[in-house]
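# Overview (structure and organization)
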Amino acid sequence: MSAAAPEGYDPSAFEPFAVTVDLAVFTVRASRLHVLLVERGAEPYRGRWALPGGFLLPRESAGAAARRELAEETGLSDDTVSGLHLEQLRTYSDPDRDPRMRVVSVAHTALVPDLPEPRGGGDAARARWWDAGRTGPLAFDHDRILADARDRVGAKLEYTCLATAFCPPHFTLGELQQVYETVWGVELDRPNFRRKVLATPGFVQPAEGAPRRTGGRGKPAALYRAGDATALHPPLLRPAR
């Protein structure tokens, strides 16, 4: 038996509004941080680029809607989308953020390796990876969501081992450093970075039996693999700009 509505509560006194999801999905391509965008195929902002997303269905959670919209608008397979680790970023609720009606968006973000080329679908005319620093003005308030998402994934590199997922199975510390520099947009001191990585328990392990990698002058670089840790203690803090 459902509970009775509180005395004096009138649902009709509250204006209805819609709930949507928006997704900021990042990857590293050609040593640059890229974000997945779709070209809007319908008004408002038809022809403008935006983050993938859409409206929640009546009996759908925000997480389920995020995965469904990502698959529909990009053409990524259900298996690919179901395997992504999406996390809620924050809620965006400015009254005028959508010209159609009052819309509250639950934004999600993810930083993932090796995603295939997307294609448009659903309300999206096209989908593609964009250099995250060269997207130009996006539809709705998606520039703000994108900026917040970049801050979030940058912070995740400080206290998790996520960066190793963007390296080959066997990688040099220089390749690992490049991931941090790509996401953070800063240049790191090589000896200091190396010292911090090797001093962090479980972050990386020597790749036993793997040949050293050569490139250019100098002695061959040692190869490492991801360690068993998931969190960094102490965190690897980005330098202040």
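In what follows, the structure referred to is the one given above.
In what follows, the accompanying structure is described. All chains use their own residue numbering, which begins from 1 and follows the written sequence. Local features in this predicted model are restricted to residues whose pLDDT is 70 or higher, and side-chain atom pairs enter the listing and the counts only when it is 80 or higher, whereas totals over whole chains, interfaces and linings include all residues. The side-chain numbers reported here are obtained from all heavy atoms of the structure, hydrogens and water having been left aside.

Before going further, it helps to spend a moment on the pattern of salt bridges. What makes a salt bridge here is a side-chain nitrogen of Lys or Arg within 4 Å of a carboxyl oxygen of Asp or Glu, nothing more. According to the stated counting rule, one finds 15 salt bridges in the structure shown. For Arg126, the salt bridge goes to Glu39, with nearest N and O atoms at 2.6 Å. Of this pair, Arg126 sits in strand E7 (residues 124–131) while Glu39 sits in strand E2 (residues 32–40); the two residues are 87 residues apart in sequence, bridging distant segments of the chain. Accessibility here uses a 1.4 Å probe with only protein chains present; expressed as a share of the type maximum, an area under 20% marks a residue as buried, one over 50% as exposed, and anything in between as partly exposed. Judged by its relative accessible area of 15%, Glu39 falls in the buried class. Each member of the salt-bridge network shares a partner with another, and the members are Glu60, Arg68, Glu69 and Glu72. Runs of E in the DSSP output that reach at least two residues are strands. Runs of H or I that reach at least four are helices, and both are numbered from the N terminus.

Bringing the environment of Thr200 into the picture now. In this structure, Thr200 sits in the loop between helix H5 (190–199) and strand E8 (204–206). The buried category is assigned to Thr200, whose relative accessible area is 8%. Measuring from C-alpha to C-alpha, the distance between Thr200 and Asp189 comes to 17 Å, with 11 residues separating the pair along the chain. Counted as a polar contact is a pair of N or O atoms within 3.5 Å, where, for protein atoms, one must be capable of donating a hydrogen and the other of accepting one, and residues adjacent in sequence contribute only when both atoms are in side chains. From its side chain, Thr200 meets the backbone oxygen of Lys196 in a polar contact 2.7 Å long.

The next subject is the nonpolar core. Core analysis: the largest hydrophobic core is formed by 39 residues, its most contacted members being Phe26, Val35, Leu176, Tyr180, Phe203 and Val204. Listing elements by their share of this core, those giving two or more residues are strand E1 (18–29), E2, strand E5 (87–92), strand E6 (103–111), helix H3 (142–159), helix H4 (173–184) and H5. Among the elements that make up this core, the one with the highest residue count is H4 (six residues). Should any heavy atoms of two residues lie within 4.5 Å, those residues are considered in contact. Here Phe203 is in contact with Cys161, Thr164, Leu176, Tyr180, Val197, Arg225, Ala226, Gly227, Ala229, Leu232 and Leu236, once residues within four sequence places are set aside. By nonpolar core is meant a set of buried Ala, Val, Leu, Ile, Met, Phe, Trp, Tyr and Cys residues that side-chain atoms within 4.5 Å join together.

What follows covers the packing of aromatic side chains. Think of it this way: a Phe, Tyr or Trp ring, Trp meaning its six-membered ring, pairs with another when their centres are within 6.5 Å, and the plane angle makes it stacked under 30 degrees, edge-to-face over 60, tilted otherwise. If you walk through the whole model with that rule in mind, you get five aromatic pairs. With a centroid separation of 4.8 Å and 70° between ring planes, the pair formed by Tyr45 and Phe140 is classed as edge-to-face. Here the residue Tyr45 occupies a position in the loop between E2 and strand E3 (49–50), and Phe140 occupies one in the loop between E7 and H3, the gap between them amounting to 95 residues. Between Trp49 and Trp130, the aromatic rings sit 5.2 Å apart at their centres with planes inclined by 65°, giving edge-to-face as the arrangement. Here Trp130 lies in strand E7 and Trp49 lies in strand E3, a separation of 81 residues in the sequence. By the burial criterion, Trp49 is buried, and Trp130 matches it. Through a chain of ring-to-ring contacts, the aromatic side chains of Tyr180, Trp184 and Phe193 assemble into a single cluster. A ring has a charge above it when a Lys NZ or an Arg CZ is no more than 6 Å from the ring centre and no more than 35 degrees off the ring normal. Here the basic side chain of Arg90 rests over the ring of Tyr92, its NZ or CZ set 4.7 Å away from the ring centre.

From the geometry alone we can't say anything about function, so treat these as descriptive.
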